[in-house]
Amino acid sequence: MITKSNADLIVPHPKGTQARVLLTSVFGPYAQDDEFGSRSINPMELYHNQVTRAQGSFSLRMFHRSWGLMMIQRNISAPSTLLDFPTLDRFERELTSNQYDIVGISGIIPNFGKVREMCRRVRALSPNSTIIVGGHVAAIPGLDKLIDADFVVRGEGISWMRRYLGENPDAPIEHPEILSGFGMRVLGMRVPDNTRDTAATIIPSVGCPMGCNFCTTSAFFGGKGKSVNFYESGDQIFDIMQHMERAMNVSSFFIMDENFLLNRPRAMQLLERMKAAGKAWSLYVFSSVNAIRKYTMEELVQLGISWIWLGLESPKSSYAKLQNSDTQAMAADLRQHGIKLLGSTIVGLEHHTPENIAEEIEYAVSHTTDFHQFMLYTPVPGTPLFAQMQEEGRMLEGIDLADIHGQFKFNFEHAAISREDSKRFLDWAFRFDLERNGPSLFRICDTIFQGWKRYHDHPDLRVRERMANEAVKLRTTYDAALWVMEKRLKKTNAEVSARIRELRRQVEHEFGIATRMLRAVVGPFLLWTSKREDRRLARGKTYEPQTFVDRRNWVEA
């Protein structure tokens with residue numbers, strides 16, 4: 001077993017770039033409890049899993065491809081297959097119908113059982129294949145002793161795979177064409193996949209320089225202050241965005257960079273290119289409070305920032321990204337300028353107690369972000385927090401790796417909060433956010449409308465065009481959705497229902513009779529589908545991603 005830490009000892013595969021490569025995610029199903037580590041509480045749906053999970057039929061539900069595997073496949077010249085979200089039968093069929101020299105398996109820590117089983121199946125069905133395991137599962141201490149694999153790759157995998165195939169590991173990174181999400185559902189309706197309404201994903205770097213002690217991403221790619229940059233300049237990112245606009249017919253981009261706004265020179269260079277080309281693009285980014293403060297609101301709007309994933313840990317925490325900041329005022333200001341926010345809050349920090357936890361959650365919810373993620377303070381293998389808890393003897397014994405994902409219960413001994421209470425507080429946080437602020441679908445309608453009111457007459461054509469593009473749904477289906485939420489919440493949350501009604505009336509006043517007529521037709525249908533969806537969910541209905549098979553440089557054996 002060889003890990004990336006001693007990668008210099010690796011002898012390239014004897015077939016080099018002629019080796020046939022299978023890259024695969026772990027097998028499904030995912031949203032059910034099974035012996036391989038799947039959990040119904042931890043579905044393969046980022047939003048419904050850890051952001052809108054308490055919102056029933058109002059929850060935004062979608063899936064995301066395995067972007068890391070897509071990046072690796074695009075940047076090797078060997079004949080390859082990418083098998084994304086296979087069933088176990090489909091995985092076995094791929095192994096037996098094609099002769100693979102290399103099988104690369106990617107997973108996260110809760111998927112450990114599936115990774116182990118897939119290694120076992122490869123040995124049985126394709127014994128001559130070299131098995132490579134990567135992804136966050138590789139951070140598990142002693143993984144090489146727990147699974148039957150030839151290589152465990154920790155960190156960035158493109159250069160590793162290139163080196164193993166005898167290619168130049170430092171060659172320029174070619175970006176694949178990635179649609180950020182698929183299989184979206186809301187109000188019980190399946191939304192057709194299309195590039196007009198869905199962002200393309202761009203990955204400029206991996207890792208996070210902020211280095212919060214609980215952050216798996218930061219730890220996995222080198223720790224605090226370190227990241228791996230695929231694209232250093234705004235010029236490079238602009239060129240990729242322009243290519244995707246032409247090839248995929250997209251006008252919005254999800255920038256998968258853990259703190260995109262932290263690199264102001266790169267962002268401002270991108271802005272200059274967008275201005276020169278007259279691009280009215282929308283950008284969805286991750287950022288921190290201290291990074292946002294580097295920009296004026298006008299710069300953010302000009303740059304096309306439409307959505308920000310923002311860490312909102314307790315003001316009593318010691319995280320540098322929040323120092324000397326009025327995050328409540330910042331959140332309100334951003335939304336008033338049409339910038340949607342996904343706030344992220346950790347439940348169960350060291351200073352939390354049963355006496356102050358409600359106040360801390362109330363503070364988080366008071367930011368009135370469009371979405372709010374709540375995660376338990378979780379020592380995940382590979383992080384500084386995990387090392388600290390191990391050293392202090394506070395890791396709990398007998399916790400299944402499948403349950404270490406931050407959405408269940410503590411896996412360590414907290415100073416004041418029990419393991420059982422950790423789940424109770426986490427579940428309450430989601431319910432309280434919904435009760436206080438209403439469904440996220442309502443909140444994003446409010447933010448879009450605020451942005452449109454402020455900027456639809458802006459002197460910059462790019463800004464006007466972007467705001468008009470984002471308001472299209474508000475003029476049409478989102479207005480009908482507002483009517484549905486207003487009706488359904490009237491008896492259970494009259495205060496939120498009244499706020500939704502007021503927003504709907506403002507929207508219909510601004511956009512006129514066509515919007516009102518469409519609502520009158522579409523609204524009753526969505527009311528019925530949302531009620532039907534809640535009945536389905538109450539009976540245990542779950543959703544699974546479709547299987548993808550992508551072949552590249554492929555020649556049949």
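Basis of the calculations
Residues numbered from 1 in each chain as written. Predicted model: local features only at pLDDT ≥ 70, side-chain atom pairs only at ≥ 80, totals over all residues. Heavy atoms only, no water. pLDDT = per-residue confidence, 0-100. Contact = heavy atoms within 4.5 Å. Helix = DSSP H or I, 4+ residues; strand = E, 2+ residues; numbered from the N terminus. Expected span 1.5 Å × (residues − 1). Buried < 20%, exposed > 50% of the residue type's maximum accessible area, 1.4 Å probe, protein only. Pairing = 2+ DSSP bridges. Phe/Tyr/Trp six-rings, centres within 6.5 Å; stacked < 30°, edge-to-face > 60°. Lys NZ or Arg CZ within 6 Å of the ring centre and 35° of its normal. Axes fitted to C-alpha atoms, helices over the stretch in contact; angles between N-to-C directions. Parallel < 35°, antiparallel > 145°, perpendicular 65-115°, else oblique. Left-handed = near helix turned anticlockwise from the far one by under 90°. Nonpolar A, V, L, I, M, F, W, Y, C, P; charged D, E, K, R; others polar. Patch = residues over 30% accessible without salt bridge, like charges linked within 9 Å, V, L, I, M, F, W, Y side chains within 5 Å. Areas by Shrake-Rupley, 256 points an atom, 1.4 Å probe, with all protein chains shown as cover. Salt bridge = Lys/Arg side-chain N within 4 Å of Asp/Glu carboxyl O. Lys, Arg positive; Asp, Glu negative; His and termini not counted. Charge placed at Lys NZ, Arg CZ, Asp CG, Glu CD.

**Regarding the confidence of the model for the protein**
Thinking step 1. Averaged over every residue, the pLDDT of the protein is 94; the share at 70 or more is 97%.
Thinking step 2. Below pLDDT 50 for its whole length, residues 1-6 participates in 19 contacts with residues either more than four positions away or in separate chains.

**With respect to helix 18 (residues 477-489)**
Thinking step 1. With 13 residues, helix 18 extends 18 Å from end C-alpha to end C-alpha; this agrees with the ideal 18 Å at 1.5 Å per step.
Thinking step 2. Burial analysis of helix 18 places 10 of its 13 residues in the buried class, which makes it a mostly covered element.
Thinking step 3. For helix 18, the complete set of buried residues consists of Tyr478, Asp479, Ala480, Ala481, Leu482, Trp483, Val484, Met485, Glu486 and Leu489.
Thinking step 4. Next to the buried residues of helix 18 lie helix 16 (440-455), helix 17 (461-475), helix 19 (494-511) and helix 20 (513-538).

**Details of the environment of Ala331**
Thinking step 1. Among the structural elements, Ala331 can be located in helix 12 (residues 327-336).
Thinking step 2. When the C-alpha positions of Ala331 and Leu310 are compared, they lie 9.4 Å apart, and in sequence the two are 21 residues distant.
Thinking step 3. In contact with Ala331, not counting residues within four places along its chain, are Leu341 and His367.

**Structural notes on unusual backbone geometry**
Thinking step 1. The linkage connecting Gly28 with the following residue, Pro29, adopts the cis geometry, with an omega of 5 degrees.
Thinking step 2. You can see Pro29 is positioned in the loop between strand 2 (21-25) and helix 1 (46-50).
Thinking step 3. Phi at Leu187 is positive, roughly 55 degrees, even though this residue is not glycine.
Thinking step 4. Phi is positive for Asn553, close to 55 degrees, though the residue is something other than glycine.
Thinking step 5. Inspection of the secondary structure puts Asn553 in the segment after strand 19 (548-552).

**Examining the sheet that holds strand 9 (residues 182-186)**
Thinking step 1. Strand order in the open sheet formed by three strands is 3-9-10, and the pairing between neighbours is antiparallel. Edge strands, defined here as strands with exactly one partner in the open sheet, are strand 3 (61-63) and strand 10 (189-190).
Thinking step 2. Looking at chain direction, strand 9 and strand 10 are connected through two bridges and run antiparallel. In the sheet register, Arg185 faces strand 10, and the bridge partner there is Arg190.

**Overview of the packing of aromatic side chains**
Thinking step 1. Inspection of the entire model under this criterion finds 29 aromatic pairs.
Thinking step 2. Taking 5.2 Å as the distance between ring centres and 85 degrees as the angle between the ring planes, the aromatic pair formed by Phe27 and Phe36 counts as edge-to-face. Both residues of the pair, Phe27 and Phe36, belong to the buried class.
Thinking step 3. An aromatic cluster is built from Trp67, Phe254, Tyr284, Phe286, Trp307 and Trp309, whose rings are joined through pairwise contacts.
Thinking step 4. In this structure, Arg65 packs its charged tip against the face of Phe548, placed 4.2 Å from the ring centre.
Thinking step 5. Positioned above the aromatic ring of Trp554 is the side chain of Arg551, whose terminal nitrogen or guanidinium carbon lies 5.0 Å from the ring centre.

**With respect to the pairing of strand 16 (residues 305-311)**
Thinking step 1. Taken across its seven residues, strand 16 has seven buried, putting it largely inside the fold.
Thinking step 2. Direction of pairing for strand 15 (residues 282-287) relative to strand 16: parallel, over a ladder of five bridges. Bridging across to strand 16, Ser287 finds its partner in Leu310.
Thinking step 3. The pairing of strand 16 with strand 17 (residues 340-347) spans five bridges and is parallel.

**Looking at the packing of helix 16 against helix 18**
Thinking step 1. Running from N to C, helix 16 and helix 18 cross one another at 135 degrees; their axes reach a closest spacing of 10 Å. Of the possible angle classes, the one that applies to helix 16 and helix 18 is oblique. Considering the relative orientation of helix 16 and helix 18, their crossing is left-handed. For the pair formed by helix 16 and helix 18, the contact residues are Leu441, Phe442, Ile444, Cys445 and Ile448 on the first element and Tyr478, Ala481, Leu482 and Met485 on the second.
Thinking step 2. Within the contact of helix 16 with helix 18, the residues separate by chemical class into nine nonpolar, no polar and no charged.

**Regarding a positive patch on the surface**
Thinking step 1. A surface patch of positive charge is lined by Lys491, Lys531, Arg535 and Arg539.
Thinking step 2. Mapped onto the elements of the fold, Arg535 is located in helix 20.

**Overview of helix 16**
For the α-helix, the turn length of 3.6 residues means that residues three or four positions removed from each other point alike.
Thinking step 1. Helix length check: helix 16, at 16 residues, gives a terminal C-alpha distance of 22 Å against a target of 22 Å (1.5 Å per residue), a fit within 8%.
Thinking step 2. Most of helix 16 sits inside the fold, with 13 of its 16 residues counted as buried.

**Regarding the sheet that holds strand 15**
Thinking step 1. Taken together, the seven strands give an open sheet; going across it, the order is 8-11-14-15-16-17-18, and neighbouring strands pair in mixed fashion. Unpaired on one side and paired on the other, strand 8 (178-179) and strand 18 (371-376) mark the two borders of the sheet.
Thinking step 2. The sheet contact formed by strand 8 and strand 11 (residues 200-202) spans two bridges and is antiparallel. By the bridge assignment, Leu179 is partnered in strand 11 with Ala200.

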